[in-house]
Amino acid sequence: MSTPMLTVEGLRASYGAAQILYNLGLEVGRGEVVALMGRNGAGKTTTMKAVMGLMAQSTGKVSFDGHDISGRQPYEIARLGLGFVPEDRRIFSDLTVLENLDIGRQPPRTFSDGVAAPVWTEQKLLALFPNLGEMPNRPGGRMSGGEQQMLTVARTLMGNPLLILLDEPSEGVAPVIVEMMANTIVELKKAGVSILLSEQNVHFAELVSDRAYVLEKGQIRWNGTMAELAENVELQRAYLTV
Ligand code: ATP
């Protein structure tokens, strides 16, 4: 694997008395696209929230680009260049596509070893997401769910993140958007963006990911290459939606 960008060790998280994550570990290398897979309720979203510092009750060690971010506040983690695209799209419905993008703008970044991270501009993003390119002045509230999903990803990229957490990008969007989203993730990987995405759909994950972790009841049951997972029908039947 390349230089580690995100390393999670012994992660535990609870909602009240209910423990959701048990001793979870995973790693994402620089430039990798890694899928966190599992059925509804397996704990994918909770894992992302815990990494982002959004779980009040969580313990364990999380390192990001060489920084120990365990126990840090979400805004501090975001400031280090960790982008989060939550499942529920959070665009500003009264603002246009371009105005929404402007809100995400942050200066260019370098990795902790001094290498420059990919830099995004509105022009590059409108080219990367052709459907947004066709409607730069449309208010967010007048876009389809899938288009809003794209806009949320694009706005996160305006922050020039070193790595993005992408929560279920293919969930609840039209097949044509799913295909666009897959193409976009492949392009992001080519541009050098590291991604941890949560996903239930093996086919989608196979199109875009290098490696996968399979999560069930808050524990990692399996990890390996996406090609190994795609061939392992028993594993898919046991833990995933086929
Ligand atoms: P989904 O695809 O449904 O989002 P997921 O794998 O992302 O699934 P999580 O959303 O992380 O799963 O949920 C893991 C468990 O935590 C589930 O049992 C869920 O009911 C529980 N849970 C999630 N959010 C809360 C909350 N705010 N309060 C209490 N329990 C919660």
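Everything below is about the structure printed above this text.
Note that the structure is predicted; figures quoted are calculated from it, not measured.

Considerations on the nonpolar core
Note that soluble globular proteins tend to have their nonpolar side chains buried in a common cluster. Residues F129, L132, L157, I185 and I195 are the most contacted members of the largest nonpolar core, which totals 33 residues. Of all the elements in the fold, those that place two or more residues in this core are α3 (97-103), α4 (122-128), α6 (145-157), β7 (163-167), α7 (175-190), β8 (194-199) and α8 (202-208). Sequence-distant contacts of L132, defined by excluding residues within four places in its chain, comprise V97, L126, M143, E147, M150, L151 and A154. Of all hydrophobic cores here, the second largest spans 32 residues; its members include L21, L36, M55 and Y213.

Details of the side chain of R155
By secondary structure assignment, the location of R155 is in helix α6. The buried charged residue R155 lacks any salt bridge partner; its closest oppositely charged side chain belongs to D88, at an N-O distance of 9.5 Å. Here N100 takes part through its side chain, which lies 3.4 Å from a polar atom of the side chain of R155. Beyond its immediate sequence surroundings of up to four residues, R155 is in contact with R90, I91, F92, N100, L101, I103 and G104.

Notes on the site of the ligand
Around the ligand, the structure places 13 residues, and the nearest of them are G41, K44, T45, T46 and E168. At a separation of 3.0 Å, an oxygen atom of the ligand approaches a polar side-chain atom of N40. With respect to the ligand, the backbone of G41 contributes an N or O atom lying 2.7 Å from an oxygen atom. When the free accessible area of the ligand is taken as 630 Å², the share hidden by the protein chains comes to 59%. Ranked by residue count, the leading element in the shell around the ligand is helix α1 (residues 44-51), at three residues. For the shell around the ligand, the residue count by class is three nonpolar, six polar and four charged.

Regarding the packing of aromatic side chains
Counted according to the given criterion, the structure contains zero aromatic pairs. The ring of F111 has R30 sitting right over it, with the charged end atom 4.0 Å from the ring centre. Against the face of W120 rests K124, its NZ or CZ located 6.0 Å from the ring centre.

Points about the sheet that holds β8
Within a sheet, adjacent strands bond to each other through the backbone by hydrogen bonds, running parallel or antiparallel. Judged by pairing direction, the sheet is mixed, and its six strands sit side by side in the order β6-β7-β8-β3-β9-β10 without closing on themselves. One side of each edge strand has no neighbouring strand; the edge strands of this open sheet are β6 (82-85) and β10 (219-225). Averaged over all pairs of adjacent strands, the angle between strand axes in this sheet comes to 15°, irrespective of strand direction. Where strand β3 (residues 33-37) meets β8, five bridges bridge the pair, whose relative direction is parallel. In the sheet register, M37 faces β8, and the bridge partner there is E199. α6 rests against β6 and β7 of the sheet, and its axis sits at about 170° to β6.

Cut-offs used in this document
- Residues numbered from 1 in each chain as written.
- Predicted model: local features only at pLDDT ≥ 70, side-chain atom pairs only at ≥ 80, totals over all residues.
- Heavy atoms only, no water.
- Core = buried A, V, L, I, M, F, W, Y, C linked by side-chain atoms within 4.5 Å.
- Buried < 20%, exposed > 50% of the residue type's maximum accessible area, 1.4 Å probe, protein only.
- Helix = DSSP H or I, 4+ residues; strand = E, 2+ residues; numbered from the N terminus.
- Contact = heavy atoms within 4.5 Å.
- Lys, Arg positive; Asp, Glu negative; His and termini not counted.
- Salt bridge = Lys/Arg side-chain N within 4 Å of Asp/Glu carboxyl O.
- Polar contact = N/O pair within 3.5 Å; in protein donor to acceptor, adjacent residues only side chain to side chain.
- Near = heavy atom within 4 Å.
- Areas by Shrake-Rupley, 256 points an atom, 1.4 Å probe, with all protein chains shown as cover.
- Nonpolar A, V, L, I, M, F, W, Y, C, P; charged D, E, K, R; others polar.
- Phe/Tyr/Trp six-rings, centres within 6.5 Å; stacked < 30°, edge-to-face > 60°.
- Lys NZ or Arg CZ within 6 Å of the ring centre and 35° of its normal.
- Pairing = 2+ DSSP bridges.
- Axes fitted to C-alpha atoms, helices over the stretch in contact; angles between N-to-C directions.

No statement about biological role is implied by the geometric values presented.
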